[in-house]
Amino acid sequence: MAESWDGSYDQGSQSEESFHEKYHLEPIYEAFVCPLTKQVMKDPVTLENGQTFERRAIENWFKECRDSGRRPICPLTLKELSTTELNPSIALRNTIEEWTARNEAAQLDIAHRSLVPGSSESNILQALDCIQHMCLKSRSNKHVVRNADLIPKIADMLKNSSRRVRFKTLETLRIVVEDDTDNKAVVAEGDTIRTIVKFLSNDVSQEREKAVSLLYELSKSESLCEKIGAVPGAILLLVGMTSNHSENVLAIERAEKTLENLEKCEKNVLQMAEIGRLQPLLTLLLEGSPETQLSMASYLGDLVLSNDVKVLVATKVGSSLVDIMRSGTKQAREVALKALNQISSYEASAHVLIEVGILPPLVGDLFTVGANQLSMKLKEVSANVLANIVSSGANMESIPVGPRNQTLVSEDIVHKLLHLISNTGPAIECKLLQVLVGLTSSSSTALSVVAAVKSSGAAISLIQFIEAPQRDLRVTSIKLLHNLSPYMGQELADALRGSVGQLGSLIKVIEEDDGTSEDQAAAISLLADLPERDLGLTRRFLEVGAFNLAVQRVYKIRHGETRGSRFVAPYIEGLTRVLARLTYVLAEREVTIFAQEHYIAMIFVDHLCMNGLDNVQMVSAAALENLSRESKRLTVVPDPPEPGFCLFSCFSKPPTITGLCPVHHGMCSLKETFCLLEGKAVGKLVGCLDHENVKVVEATLAALCTLLDDEVDIEQGVNVLCEADGIKPILEILLENRSEVLRQRSVWAVERILRSEDIAFEVSGNQNVGTALVEAYRHGDYRTKQVAEWALKRIDKLPNFSGIFQKMG
């Protein structure tokens, strides 16, 4: 008998005689063996010549004779037979059966004595091999093995320390239970199934294969499917095997078929769904009984699904769930809504639900009143599903939701949403506000919603939610108001100006902690979007401490005391824009004092260096422009000192004052007068002139142009730009002509710069500059043409007739 490394034996390599000799059983008598099969006969029959054969073997022999056209002959004597009549050899059969019974009893006795703790590996393997041989020889022997109470002894060998024994045991149990329901039930007793499942995680692939083959046989019994699935980790391990590309092909096949058998039990189906194998659940949801469908839909609503799975679910059962919404019972609609709430939270799956028609019944349920209306709890779920659908980015303008082909952004639909918001509880109010947040997040639908909000006069009602005690409701309302603020800035400013409480609530959101959460970013952005030149609102900001808080937060960010997040960019931008509104009302004494005391100009100078935050740099440059224009007004020009008496005073120089700003001719500083010459502001502004964002360059150039205004010393302003290497970038801006605004500002700046004769002489040889000025002269507006003409005269590209006219005069 050939033995492999793992303790298995090749059954085809041993004869009946060698098997009995190996196990010291009663020898086989020659009369028991069929001459044709060489095996012990089960149904011996005798021919007319007295030769005895196995019935089936001799019948096949006679058939071959007939098929070949020969007369029947005896396969031993090869003599022709006059008849093929077969006479049962009853005595011999009884003798063989008695002999078999004695041998089987002996085999079972050996197995009983060998399958115990402490037996040697070889004895156990021999016993298991013996049992296999018996069961493969006769199906009835499987009952014998069971009646002999050997199955529990075999199962105990699964815990043997020998890998070869464990391997052989798995193989033996599979043979014992194959096509035998009773044996399967015996194996399932105790913790045997749990032990078998453990083999699925074994490092040895052959053991995993044997274990899954055994589980496959056991799973054919429907009564055992629930027990297999109840073993912790069983289904997960089986699913893992089906997706393991390094696994044996046969093992993968057996694992898949085992799972298919386990699907007969609903509890197993739910387990499979939890780990991502959703197809069985979806099949039951579509094809099961009404009770089963309801159960599966309910469970689907409780699952945590990956985004890919949400798309699969929406594709497979989305239409059925929507149908339940349309016509199901109240309980069924609740279950369907719960499931739809789960799968609608991903953009791609939400699009699938839109295609199968979710919006009309969803909106209908929200607005229905009377006997058929949903409970507030279900309306809350409906509102959340609607919010998910809207946030998917689908074009809500083109999807009809009402009987007259209204869309979600139709005025009457928005009015109904606003009415619901004002007449329901906090939970549903929050969900419906999320719907409006989604609708106002897209420029294509925001205008329609804004028009409806204005026509309904709902702005004040929406602002009131800022003071809601529920955080989610408060935060969602802030997001909505932030989305509305670019279109309704003045309306919101008017409402907030009269309510210290609501402004205070916004401030509280911003100062909740040192983080940069989404709601904090939305709150500061809302404040930043309000009209910047509204003096009354700016005063209110001062009263409630908005500017103080903004300054504190800026310094915390600068010193790394604020936790970062994906909302830090809009948060910083909002802070910068809030502080920038101070620079538009500097005529107010209290605003100027605040800006001076809190070193506002330095904050904007620092923010010029925030690369990657284009809006922050642009706003900072614009704020510095506003501050710089105030420098001339704020600069203190000291009186010249009285000259002392000198006998030769006519020959002495007049006294001078040192330390004055060359541009403003007074006592300047970045803190007190916002002078750009201080704090390296000019150099940082020049560094932004080559920015990729045109808007940043426009704001930066405007700020630098304040050094060339009529109210300052233009010659000194040009010198400052020269020292900061700013002349060349300004000329390049003129040459690039990236926008009309840049052309106007660069032409104006270049004309001022060319008032320096040295620079004018140098530039006059640059043909490109001349061409750019000519283009501005030809194509610019009236003011730009006029300034370009002056510039061209300064580089002798146009004749200067003013001197001639003066001489003529």
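In this text, all values refer to a predicted model and were calculated from it rather than measured experimentally.

Moving on, we come to the overall build of the protein chain. Of the regular secondary structure elements, the protein chain holds 44 helices and 3 strands. The C-alpha radius of gyration of the protein chain comes to 47 Å, more than 25% above the 28 Å expected for a compact globule of 809 residues. By residue count, 50% of the 809 residues in the protein chain fall in the buried class. Long-range contacts, defined as pairs at least 24 residues apart, comprise 66% of the intrachain contacts of the protein chain with a sequence gap of at least 6. Accessible area for the protein chain stands at about 37900 Å²; split by element, carbon and sulfur atoms hold 50% of it. When the 85 positive and 106 negative side-chain charges of the protein chain are each reduced to one mean point, those points stand 1 Å apart.

Moving on, we come to unusual backbone geometry. For Asp 149, which is not glycine, the phi dihedral falls at a positive 60°. The topology assignment puts Asp 149 in the loop between α5 (140-147) and α6 (150-156).

Judged by nonpolar contacts, the single largest core of 182 residues is most densely connected at Leu 281 and Leu 300. A per-element tally of this core places helix α26 (residues 471-497) first, with 10 residues. Leu 281 has contacts with Val 269, Leu 270, Ala 273, Met 296, Tyr 299 and Leu 300, leaving out every residue within four places of it along the chain.

It is worth spelling out the sheet that holds strand β2 (residues 52-54) at this point. Reading across from one edge, β2-β1-β3 is the order of the 3 strands in this open sheet, with antiparallel pairing throughout. Sheet topology places β2 and β3 (87-88) at the edges, where each strand pairs with a single neighbour. Each of β1 (44-46), β2 and β3 touches helix α2 (residues 55-67); the most contacted strand, β2, lies at about 95° to it.

Another point: helix α11 (residues 222-230). Within the sequence span of α11, burial applies to Leu 224, Cys 225, Ile 228 and Gly 229. Viewed end-on, α11 has its buried residues packed into an arc of 140°, placing them on one side of the element. Structural note: α11 exposes Ser 223 and Ala 230 on the side pointing more than 90 degrees away from its buried face. Of the surrounding elements, those touching the buried residues of α11 are α8 (181-187), α9 (192-198), α10 (205-219), α12 (234-242), α13 (249-262) and α14 (266-274).

As a general rule, the predicted coordinates of low-pLDDT regions are not to be interpreted in detail. Averaged over every residue, the pLDDT of the protein chain is 87; residues scoring 70 or more account for 92%. Across the protein chain, the secondary-structure element scoring lowest on mean pLDDT is helix α44 (residues 802-808), at 44, and the one scoring highest is helix α37 (residues 694-705), at 96. Contacts of residues 803-809 to residues separated by more than four positions or lying in other chains number 0 contacts, the stretch itself having pLDDT below 50.

The tally for this structure, following the rule as stated, stands at 4 aromatic pairs. Following the ring pairs from residue to residue traces out a cluster consisting of Tyr 29, Phe 32 and Trp 99. Directly above the aromatic system of Phe 541 lies the positively charged group of Arg 581, at a separation of 4.8 Å from the ring centroid.

Now for the UniProt feature "domain: U-box" (unreviewed entry) in the protein chain. The sites that carry the UniProt feature "domain: U-box" (unreviewed entry) are, in the present numbering, residues 27-106. Here residues 27-106 runs as 38% helix and 10% strand, with 12 Å between its end C-alpha atoms.

Bringing the packing of helix α17 (residues 307-327) against helix α18 (residues 330-343) into the picture now. Across the interface, α17 lies against α18 with an axial gap of 10 Å and an inter-helix angle of 155°. On the basis of the axis angle, α17 is roughly antiparallel to α18. The crossing of α17 and α18 is left-handed. Counted together, Lys 310, Val 313, Ala 314, Leu 321, Ile 324 and Met 325 of α17 and Ala 332, Arg 333, Ala 336, Leu 337, Ala 339, Leu 340, Gln 342 and Ile 343 of α18 form the full contact between these two elements. When the residues that make up the contact of α17 with α18 are grouped by side-chain class, the tally is 11 nonpolar, 1 polar and 2 charged.

Here the focus is the packing of helix α39 (residues 727-736) against helix α42 (residues 767-779). Look at α39 against α42: their axes get within 9 Å of each other, and the N-to-C directions meet at 55°. Between α39 and α42, the crossing angle belongs to the class labelled oblique. In the packing of α39 onto α42, the handedness of the crossing is left-handed. Contacts from Leu 731, Leu 734 and Leu 735 of α39 reach α42 at Asn 768, Val 769, Ala 772 and Leu 773.

Another point: the side chain of Thr 52. Mapped onto the elements of the fold, Thr 52 is located in strand β2. Among the polar contacts listed, one links the side chain of Thr 52 to the side chain of Thr 46, at a separation of 3.3 Å. Not counting chain neighbours up to four residues away, the residues in contact with Thr 52 comprise Pro 35, Met 41, Pro 44, Val 45, Thr 46 and Leu 92.

As a further point, take helix α29 (residues 535-544). If you check which residues of α29 are buried, you get Leu 537, Thr 538, Arg 540, Phe 541 and Leu 542. Its side-chain oxygen placed 3.2 Å from the backbone nitrogen of Gly 536, Asp 534 serves as the N-cap of α29. Count one or two residues on from α29 and you reach Gly 545, which has phi positive near 80°.

The rules behind the values
Residues numbered from 1 in each chain as written. Predicted model: local features only at pLDDT ≥ 70, side-chain atom pairs only at ≥ 80, totals over all residues. Heavy atoms only, no water. Helix = DSSP H or I, 4+ residues; strand = E, 2+ residues; numbered from the N terminus. Rg over C-alpha atoms; globule rule 2.2 N^0.38 Å. Buried < 20%, exposed > 50% of the residue type's maximum accessible area, 1.4 Å probe, protein only. Contact = heavy atoms within 4.5 Å. Areas by Shrake-Rupley, 256 points an atom, 1.4 Å probe, with all protein chains shown as cover. Lys, Arg positive; Asp, Glu negative; His and termini not counted. Charge placed at Lys NZ, Arg CZ, Asp CG, Glu CD. Core = buried A, V, L, I, M, F, W, Y, C linked by side-chain atoms within 4.5 Å. Pairing = 2+ DSSP bridges. Axes fitted to C-alpha atoms, helices over the stretch in contact; angles between N-to-C directions. Arc of directions from axis to C-beta. pLDDT = per-residue confidence, 0-100. Phe/Tyr/Trp six-rings, centres within 6.5 Å; stacked < 30°, edge-to-face > 60°. Lys NZ or Arg CZ within 6 Å of the ring centre and 35° of its normal. UniProt positions renumbered as here; feature names shortened; annotations may be inferred. Parallel < 35°, antiparallel > 145°, perpendicular 65-115°, else oblique. Left-handed = near helix turned anticlockwise from the far one by under 90°. Nonpolar A, V, L, I, M, F, W, Y, C, P; charged D, E, K, R; others polar. Polar contact = N/O pair within 3.5 Å; in protein donor to acceptor, adjacent residues only side chain to side chain.

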